[in-house]
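Descriptive analysis of the structure
Residue-level listing of the chains:
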Amino acid sequence: MDVLVVGSGIAGVSFAEEFRKLAPDHSVTLLTAETLGYYSRPLLSHGFTRDDIETRIILRRFDQLEQTGIRVLSGREAVALDPAGHRLDCRAEPDQTASLAYDRLVLAPGSAALIPPPFLGTPEKFKVLNSLTDLIGLRRLRDEVRCSGSQPRWAVIGGGLIGCEAASDLARAGDRVTLFHALPRLMERQLVEEDSADLLAVLQNDHVDVRLDAQVQGFAGEPANLAVVTQGGMEDGFHGILVACGFKPRIEVARNAGIATRRGIVVDTFLATDASDVYAIGDAAECADGRLYAYVTPIRSQALWLARHLAGLTQEPWQPPAFKPKAKVHGFTAVHPYLF
Amino acid sequence: MSEYKKYVCVVCGFIYDEKLGDPENDIPPGTRWADVPDDWVCPDCGAAKVDFDLMVI
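Because the structure is predicted, anything quoted here is derived from the model rather than measured.

Our focus in this paragraph is the interface of chain B and chain A. Each partner contributes residues to the interface: chain B has 13 residues there, and chain A has 14 residues. Across the chain B/chain A interface, buried area totals approximately 1,200 Å², and carbon plus sulfur atoms make up 51% of it. On inspection of chain B and its partner chain A, the count reaches 3 salt bridges. Residue A:R56 is joined to B:D44 by a salt bridge in which the shortest nitrogen-to-oxygen separation is 3.3 Å. Between the two partners, chain B and chain A, sit 7 residue pairs in polar contact (both at pLDDT 80 or more).

Next comes the structure, spelled out in structure tokens:
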């Protein structure tokens, strides 16, 4: 049996490694747009205070994965899926496509950063923190500003989990940070009000300038003097603007193939899509309970369960495990359980 | 007293060393893996205790 996996994040790699272990007689191919190896995505938002992050974040180089018997096709993007023909087309160079046959297909494409529509017209004015390439770019920008003798000044847009983590880490690294959040309290989707208030105090104590109820309407300015436009006016003087407004599951390939999608790729309790032999796991999978699990513990649980299932070792449906999300904001611990 | 063991977070590579514990999160030095509470999470990435493997050197 040939198993094709799309995506080299926690979901795709955990599945591929486990399936190799459980079913060594089957072949596993991992298709990924990434080129830098399998790295720890949760560490991205902690990537400014650590000098060794760019090497430490790599958990496995792709050649190390290949040594375990997984065939890795890196730097290639999945572009079209033919579920009836059991084929997936991928592209390396713009004009160079290849078609891969599979017996089972596991979609673990992950998510892109969600960019609110008002920002789409000025992509050159802001950055995101969604991949190791993004992190390396942000670190180079910091280095350049510091080499010129200035203290880097950042606008972080979005006071959710990633925005708060990044703002905290940039501030601890010695930068000036202004955090803009559209709602009256931070991380309102994960925290109860009392914990949001504690989080605000922790960030302010680290000299993060937090603007609540700030509706950001767009960006202006020049590279070394970027500006954030809000309902109250314009604030300039930023070296970088980081948009952290949520995630957008990569569902296009599945949707264009006629597979059911909503916010994510719709799967049943066996993590199967409505196309035969096509499965989806990770934060792009919309589970039978209507949820997208964007946390490490349930994603790994999906990957390990699916490996057992496809190896013929379990016929019981996947059950989401109990898990505790935790924001990695320096000095902050929520008193109450996280909402999910 | 057997020697201290190390456990690695399969998600981010963080190493829990029984000798060092995780004092920042109320796990004193010398705490055996079996005595680390089940609701303890990886201080670096938030992964659960079940997402750690014994390090074999």
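Picking up where we left off.
Residues and elements named next belong to chain A. The pairing of strand β1 (residues 2-6) with strand β9 (residues 104-107) spans 4 bridges and is classified as parallel. Across the sheet, the residue bridging to L4 is L105, located in β9. As judged from the 3 bridges shared by β9 and strand β20 (residues 278-280), these two strands associate in the parallel manner. Paired with L105 across the bridge in β20 is V278.

Another point: the sheet that holds strand β8 (residues 97-101) of chain A. All names here are of chain A. In spatial order, the strands read β6-β7-β8; together these 3 strands make up an open sheet with antiparallel pairing. The open sheet terminates on both sides in strands that have one partner only, identified here as β6 (77-82) and β8. The sheet shows a mean angle of 25° between the axes of neighbouring strands, direction not considered. Here 5 bridges tie strand β7 (residues 87-91) to β8, and the two strands are oriented antiparallel to one another. Within β8, the position partnered with D89 by the bridge is S99.

With that settled, consider helix α5 (residues 161-172) of chain A. Residue and element names in this part refer to chain A. For α5, spanning 12 residues, the distance from its first C-alpha to its last is 17 Å, which sits close to the expected 16 Å at 1.5 Å a residue. Here α5 lies mainly inside the structure; 10 of its 12 residues are buried. Among the residues making up α5, those that are buried are L161, G163, C164, E165, A166, A167, S168, D169, L170 and A171. Looking at the residues trailing α5, positive phi occurs at G174, about 110°.

This brings us to the pattern of salt bridges. Residues and elements named next belong to chain A. For the structure shown, the criterion picks out 21 salt bridges over all chains. E54 is paired through a salt bridge with R139; the nearest N and O atoms lie 2.7 Å apart. Linking E54 in helix α2 (residues 53-56) with R139 in helix α4 (residues 132-147), this pair joins segments that are 85 residues apart in sequence. A salt bridge links E165 to K328; its shortest N-O distance comes to 3.3 Å. Pair noted here: E165 is in helix α5 and K328 is in the segment after α8 (296-310), with a separation of 163 residues, a long-range link. The pair formed by E165 and K328 is uniform in burial state, with each residue classed as buried.

So, about the packing of aromatic side chains. Residue and element names in this part refer to chain A. Tallied over the full model, the rule gives 15 aromatic pairs over all chains. Ring plane angle 85° and centroid distance 5.5 Å describe the contact between Y293 and W318, whose orientation is recorded as edge-to-face. Pair noted here: Y293 is in the loop between β21 (285-286) and α8 and W318 is in the segment after α8, with a separation of 25 residues, a long-range link. Summarising the burial analysis for this pair, Y293 and W318 share the class buried.

Looking now at the sheet that holds strand β11 (residues 153-157) of chain A. All names here are of chain A. With respect to topology, 4 strands assemble into an open sheet ordered β13-β12-β11-β17, the strand pairing being parallel. Every other strand in the sheet has two partners, leaving β13 (208-211) and β17 (240-243) as the edge strands with one partner each. Between one strand and the next, the sheet's axes are offset by a mean angle of 20°, whatever the strand orientation. Pairing of β11 with strand β12 (residues 176-180), which is carried by 5 bridges, proceeds in the parallel orientation. Residue pairing for β12: A155 is matched across the bridge by T178. Packing against the sheet, helix α6 (residues 193-205) makes contact with β12 and β13, and its axis sits at approximately 140° to β13.

The next thing to look at is unusual backbone geometry. Residue and element names in this part refer to chain A. Despite not being glycine, H86 has its phi angle at roughly 55°, a positive value. A positive phi angle, near 60°, is found at L271, a position not held by glycine. Inspection of the secondary structure puts L271 in the loop between β19 (265-266) and β20. Overall, the relative accessible area of 0% leaves L271 in the buried class.

Conventions used here
Residues numbered from 1 in each chain as written. Chains lettered and ligands numbered in written order. Predicted model: local features only at pLDDT ≥ 70, side-chain atom pairs only at ≥ 80, totals over all residues. Heavy atoms only, no water. Contact = heavy atoms within 4.5 Å. Buried area = accessible area lost by both parts, 1.4 Å probe. Salt bridge = Lys/Arg side-chain N within 4 Å of Asp/Glu carboxyl O. Polar contact = N/O pair within 3.5 Å; in protein donor to acceptor, adjacent residues only side chain to side chain. Pairing = 2+ DSSP bridges. Helix = DSSP H or I, 4+ residues; strand = E, 2+ residues; numbered from the N terminus. Axes fitted to C-alpha atoms, helices over the stretch in contact; angles between N-to-C directions. Expected span 1.5 Å × (residues − 1). Buried < 20%, exposed > 50% of the residue type's maximum accessible area, 1.4 Å probe, protein only. Phe/Tyr/Trp six-rings, centres within 6.5 Å; stacked < 30°, edge-to-face > 60°.

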